[in-house]
Amino acid sequence: MNIIRYLVGLIVFFTILSFCVWGSGGNLWIFLDVLSFIIVGLGTLALLRTGWTFREMGKAFALAFADKAGTDELAWADAFFTAMGRYFTMSGLGGFFLGIIIMLKYLADKSMIGPNLAVALLSVLYALLFQLIIVIPMRALLQKKLSASRAD
């Protein structure tokens, strides 16, 4: 049941964002940048891999949606999502600085300013969105379950 609420929430969230972008005359395609995604998404995944196996990562997600889990397991999964949130934040910040530094390096070439500024800003945006759609909801589910298990 939790997974359905989560997916419905994601759909509603992205529908609202899409409507706001479309309503302001924008185009959703301008928000897609492969380099920013690699820096934030794959960079975070690579950093997570230093401490967790892919199986353990999957287990953390499963625990967030599980009906029953032990307090220790829930605390472990919460630690995973806490680390994930920090990695997203730092990867987004790293992408921001990379974009700004490259932009400043090629400041004389006006055609390089826009794309590199976009990498900088989209890296931060992706980090924020990943936090909003993955880390915060998963931690909220886990914290709710931890509170309930401690109350028992």
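Located above this text is the structure these notes cover.
Sequence order as written defines residue numbering, which begins from 1 separately in each chain. Totals for whole chains, interfaces and linings use every residue, but because this is a predicted model, local features are given only for residues with pLDDT of at least 70 and side-chain atom pairs only at 80 or more, for both listing and counting. The basis for the side-chain values is all heavy atoms of the structure; hydrogens and waters are excluded.

A. Spotlight on the nonpolar core. One finds F80, F81, M84 and I134 to be the most contacted residues of the largest nonpolar core, which totals 30 residues. Contributions of two or more residues to this core are made by α1 (2-23), α2 (34-49), α3 (54-65), α4 (71-105) and α5 (110-151). Under the scheme used here, helices are H or I runs from DSSP no shorter than 4 residues and strands are E runs no shorter than 2 residues, and both carry numbers assigned from the N terminus. A total of twelve residues in this core trace back to one element, the largest contributor, which is α5. When checking whether two residues touch, look at their non-hydrogen atoms; a contact exists if any pair is within 4.5 Å. Setting aside chain neighbours within four positions, we find F81 in contact with A60, F61, I134, V135, M138, R139 and L142. Residues enter a nonpolar core if they are buried and are Ala, Val, Leu, Ile, Met, Phe, Trp, Tyr or Cys, with the set joined through side-chain atoms within 4.5 Å. Burial classes: relative accessible area under 20% of the type maximum marks a residue as buried, over 50% as exposed, and values in between as partly exposed (1.4 Å probe, protein chains only).

B. Fine view of the environment of S149. In this structure, S149 sits in helix α5. Setting aside chain neighbours within four positions, we find S149 in contact with T71 and L74. Counted as a polar contact is a pair of N or O atoms within 3.5 Å, where, for protein atoms, one must be capable of donating a hydrogen and the other of accepting one, and residues adjacent in sequence contribute only when both atoms are in side chains. Here T71 takes part through its side chain, which lies 3.1 Å from a polar atom of the side chain of S149. A polar contact of 3.0 Å, which involves the side chain of S149, links it to the backbone oxygen of L146.

C. A look at the packing of aromatic side chains. Each aromatic pair joins two rings of Phe, Tyr and Trp (for Trp, the six-membered one) with centres within 6.5 Å, and gets the label stacked for planes under 30 degrees apart, edge-to-face for over 60, and tilted for any other angle. Summed over the entire model, instances satisfying the criterion amount to ten aromatic pairs. Residues F19 and W22 carry aromatic rings whose centres are separated by 5.9 Å and whose planes lie at 45 degrees to one another, so their mutual orientation is tilted. Pair noted here: F19 and W22 are both in helix α1, with a separation of three residues, about one helical turn. Grouping residues by exposure puts F19 and W22 together as exposed. A ring pair is formed by F88 and F130, whose centres lie 5.0 Å apart and whose planes are at 25 degrees; its orientation type is stacked. Of this pair, F88 sits in helix α4 while F130 sits in helix α5; the two residues are 42 residues apart in sequence, bridging distant segments of the chain. Assessed through its relative accessible area of 16%, F130 is described here as buried. Here a set of aromatic residues connected by ring pairs shows up, and it is made of W52, F61, F80 and F81. The ring of W76 has K59 sitting right over it, with the charged end atom 5.4 Å from the ring centre. Any Lys NZ or Arg CZ that is within 6 Å of a ring centre and within 35 degrees of that ring's normal is treated as a charge sitting over the ring.

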